[in-house]
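# Chains, contacts and geometry: an overview
Residues per chain are reported as follows:
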Amino acid sequence: MTSDGDALALAAAVRSGATTAAGTLDSALARIAAIEPQVQAFNAVTEAPARVAARHLDAAVAAGRDPGPLAGVPFAAKALFDVAGLPTHGGSVVRAGAPPAERDAAAVARLTAAGAVLAGITNMDEFAFGFTTENSHYGATRNPHDAERVAGGSSGGSAAAVAAGMVPVALGSDTNGSVRVPAALCGVFGLKPTYGRVSRAGAAPLAWSFDHVGWFARSVRDLAILLDLTQGHDPRDPASAERVSPPAAPAVTRGTQGLRIAVAGGHFAAGAEPAALAAVAKAAAALGATRQVELPEVPRAIAASLLISAAEGASLHLDELRTRAGEFDPQTRDRWLAATMIPAAWIHAAQRFRRGWREAATAALADVDVLITPTTPFAAPRIGQMTIRIGAAEMPVRGALGRFTAPFSFIGVPALSAPVWLDGPLPYGVQLVGKPFDDEAILRAAAALEAAGVARAPVAAP
Amino acid sequence: MADAKPDPAAFADAAAVQLGLDVDQAWRPGIVQHLKNFRGLYESVVGDGAALPDDPAAVYRP
């Protein structure tokens, strides 16, 4: 089952001539114009080049040429992707005056080559360093299901744009959870593929050894087609894997027969709202997963993950911190500065632990194809909310949002967030984690949840 | 010296000089607090002092 108006349905209508790319774009632009003031998902709407692209696609259809599998599908891209002719500001005024990019990022180029039409650039935490998209320079993106709440981050604008029905798919990036967290809070599907499977060329980095390109969609088959269109070796990305992966889209229809699915215990069964754990139980029941598996030493893995990613990011921005620290987002500037000072011995200890933990986690999941966890410990917090009480513990909102996602970026395994609804007005994310380069297994499990009506991404009406 | 307590403020001041950072005094308390937090993360990583793998290079290609 797919959600109404997903990308493949729109493309099928354009490809068949039932509608036009120009008409599809008109609808998207009208929806953006009507809803954007409440949601604040976009930093820029790229109307003029989008109209040119749509006209070319309609001409191709009229001439009998193949307009591509995503013909006429409007999409958005997080503000860290290069788009030819625009500065890549990464959510920061520090980069706002950068020269325009000379070419599109690889992921943007591959989608537009498939006929998709870039409709705009979306809001994010500054330099992707955050989980709430409360950007001091460009404003807070609001959750389309409740405008008083955050959209999650750092790819919050992309998630909100999909949740609000402004575009059916949008590109984001995920370093410690920056696709999965906003997907969970906004009630859409979000995929972080295996590290190295999708090129990051032309995407401004946050932390090289953690960064993944990912995306948001309202159906699982859209998640899969975007993987098929964007995956493959790219010499422009030094981490790009050379192995050839088969198409993922056919897997979506294969069901879950033969998949070994387990629920994560220990760290992943505590420190969360009861409703977040209830969403996991609902998904597990739908998938027939009764086994529980515990990963070792998850808090140490999170600690190592945060140390390494902070140090990598600070190293990347050191020159700007020397000369323009005063222009950084005040919410994260002190942390950036402190991260430049982390002793090398601490980082190498964390990297050594990282290798050991990857081996330990791999061993613990040797006979598991899909691991189920909550994506976040709670539903969307309020804008400006700094702490949240879970049981007897008071947690900092921003740090806690990544406690279930960061361990899997740490070791590069594929993970997606599926939107699950309980009785309340806000969605919860259920995270499905797979083995390296077996992204198909988590897509199959997500498709089964979607077919059962357990996971769904209805368009929000803010 | 081995028993000396960590002084993150002194460390931050020295590191800022070494790194060529021009730190506004208003930012200093935040930087010091984050350095304390990073130290806490490091202490979590090393845990009880059990040996860590020697070669971290394998983490980059899953």
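Let me begin by describing the structure that accompanies this report.

As a further point, take the interface of chain B and chain A. Taken together, the contacts link 30 residues of chain B with 43 residues of chain A. For the pair chain B and chain A, the summed buried surface comes to about 3400 Å²; carbon and sulfur atoms form 70% of the total. Between chain B and chain A we count one salt bridge in total. The closest approach of N and O atoms between Arg352(A) and Asp54(B), which form a salt bridge, is 3.7 Å. On the surface where chain B and chain A come into contact, there are five residue pairs in polar contact (both at pLDDT 80 or more). Of all the elements in the fold, those that place two or more residues in the side of chain B that touches chain A are α1 (8-19) and α2 (28-46) of chain B. Here the element with the most residues in the side of chain B that touches chain A is α2(B); it accounts for eleven residues.

Here we come to the layout of surface pockets. Each pocket or cavity is described by its volume, and for the largest pocket that value is around 1100 Å³. Phe131(A), Leu306(A), Arg335(A), Arg398(A) and Gly399(A) are, among the 38 residues lining the largest pocket, the residues nearest its centre. Those elements that provide at least two residues to the lining of the largest pocket are α9 (298-316), β15 (393-396) and α13 (397-400) of chain A together with α2 of chain B. Sort the elements by how many residues they give to the lining of the largest pocket and α9(A) lands first, with six residues. Here the lining of the largest pocket is composed, by residue class, of 17 nonpolar, 14 polar and seven charged.

Residues and elements named next belong to chain A. If you walk through the whole model with that rule in mind, you get 22 salt bridges over all chains. Aspartate 146 is the partner of arginine 149 in a salt bridge, and the nearest nitrogen-oxygen pair spans 3.0 Å. One salt bridge in this structure joins arginine 180 and aspartate 174, with 2.9 Å as the shortest N-O distance. Overall, arginine 180 belongs to the buried group, its relative accessible area being 0%.

About the cut-offs
- Residues numbered from 1 in each chain as written.
- Chains lettered and ligands numbered in written order.
- Predicted model: local features only at pLDDT ≥ 70, side-chain atom pairs only at ≥ 80, totals over all residues.
- Heavy atoms only, no water.
- Contact = heavy atoms within 4.5 Å.
- Buried area = accessible area lost by both parts, 1.4 Å probe.
- Salt bridge = Lys/Arg side-chain N within 4 Å of Asp/Glu carboxyl O.
- Polar contact = N/O pair within 3.5 Å; in protein donor to acceptor, adjacent residues only side chain to side chain.
- Helix = DSSP H or I, 4+ residues; strand = E, 2+ residues; numbered from the N terminus.
- 1 Å grid on protein atoms, 1.4 Å probe; cavity = no way out; pocket = protein on both sides within 12 Å on 5 of 7 lines; lining within 4 Å.
- Points joined across faces, edges and corners; volume = space filled by probe spheres on them.
- Nonpolar A, V, L, I, M, F, W, Y, C, P; charged D, E, K, R; others polar.
- Buried < 20%, exposed > 50% of the residue type's maximum accessible area, 1.4 Å probe, protein only.

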